[in-house]
Amino acid sequence: MKYKTLIVNIRKRVGWITINRLKKLNALNRETLAELHHALATLEEDNNVRLLVIRGSGDTAFVAGADIGELAELSASEGADLAQQGNQQVFDYIEHYNKPVIAAVNGYALGGGLELAMACHLRVFADTAKAGMPETSLGLIPGYGGTQRLPQLVGRGRAMELLLTGDMIDAQRAYEIGLANVVCSPKELDAKVLELAAAILKNAPEAQLQLLAAVCAGYDSQTDGYAAETEAFGACFGTDNFTQGTKAFLQKRRPKF
Ligand code: COA
């Protein structure tokens, strides 16, 4: 599939989605969101893909936010619709994805860009990257889950500071407060992402599917996370991965998933 605003590649079981609106610092417009949804849905069904990486093109921005040119034209109800659709098609979709998703944060991750990185399960930051939630400087608040996921990741006090000031932080600070899992030089970014991917890919995909669902359930106010974990734990027992994993352990060898 050819996209206008994305580049999609699959290499060695890893699907790479690169947001490619270089001239607009990879800002998310409606077209990009629709293409992201299509790419996510396609890669979700692809059995050759076990893990996704989302990055921005170039070395300036991961994603510099929602497209402000588009936002400026919207009424209140259109703004609410945009947020609802974006969450359903992209942000919540990634959080509940059936494979691990890593954000490779290669530059500015602002507003909707940081929300995209936070919807991913893990984040690797280049040390040149900058993160922030500048929405209130535009007379807005985050609409793609930022008021919820930022406090979950960094704690309420730090989240309030970032949200109310709109100030940017550097990658090292993002690491210190738990926003970045790994920080590395820009040159090392893809290699570090692949290192993290390899550490994940050695483990059982069927168990990871259950694991992602159980962790997400704990953040859903309608769901009892502990009950969801019990169910997900039970679901692992019937799987091939479970048979292979336990058999390999008992035979004192590494399983191959
Ligand atoms: N939406 C639409 N266009 C954007 C954008 C966004 N979120 N962020 C950057 N761009 C565009 C700029 O308008 C500019 O386009 P132009 O060349 O056609 O004028 C281009 O990307 C380059 O951006 P520019 O501002 O010239 O780069 P810079 O290096 O001086 O500054 C930023 C970089 C990221 C600090 C600055 O672009 C910025 O503050 N962007 C908006 C961030 C934001 O508020 N995001 C939250 C949105 S809800």
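Quick look at the structure, then. What you see is a predicted model, and the numbers here were worked out from it, not measured in a lab. Numbers given to residues run from 1 along each chain, matching the order in which its sequence is written. Where local features are concerned, this predicted model is filtered to residues with pLDDT of at least 70; where side-chain atom pairs are given and counted, the filter is 80 or more; whole-chain, interface and lining totals use all residues. Hydrogens are left out, water is left out, and the side-chain values use all remaining heavy atoms of the structure.

**Digging into unusual backbone geometry**
In this structure, Arg13 is a non-glycine residue whose phi angle is positive, near 70 degrees. Positionally, Arg13 belongs in the loop between strand S1 (6-11) and strand S2 (14-19). Even without glycine at this site, Leu25 takes up a positive phi of about 50 degrees. Its location among the elements puts Leu25 in the loop between S2 and helix H1 (30-45). Helix and strand assignments follow DSSP, with helices taken as H or I runs no shorter than four residues and strands as E runs no shorter than two, numbered in order from the N terminus.

**A word on the pattern of salt bridges**
A pair is scored as a salt bridge if a Lys or Arg side-chain nitrogen falls within 4 Å of a carboxyl oxygen belonging to Asp or Glu. Counted by the stated rule, this structure contains 7 salt bridges. Across the pair Glu95 and Arg149 runs a salt bridge whose closest N-O atoms are separated by 2.7 Å. In this pair, Glu95 is assigned in helix H3 (residues 76-95) and Arg149 in helix H5 (residues 146-154), connecting sequence segments 54 residues apart. In this structure, the salt-bridge partner of Lys192 is Glu195, at a minimum N-O distance of 3.8 Å. One end of the pair is Lys192 and the other is Glu195, both in helix H8 (residues 189-201) and 3 residues apart, which spans about a single turn. Working definition: with a 1.4 Å probe on protein chains only, accessible area under 20% of the residue-type maximum means buried, over 50% means exposed, and in between means partly exposed. Owing to a relative accessible area of 26%, Lys192 belongs among the partly exposed residues under this scheme. Beyond isolated ion pairs, a larger network of salt bridges with shared partners links Asp92, Glu95 and Arg149.

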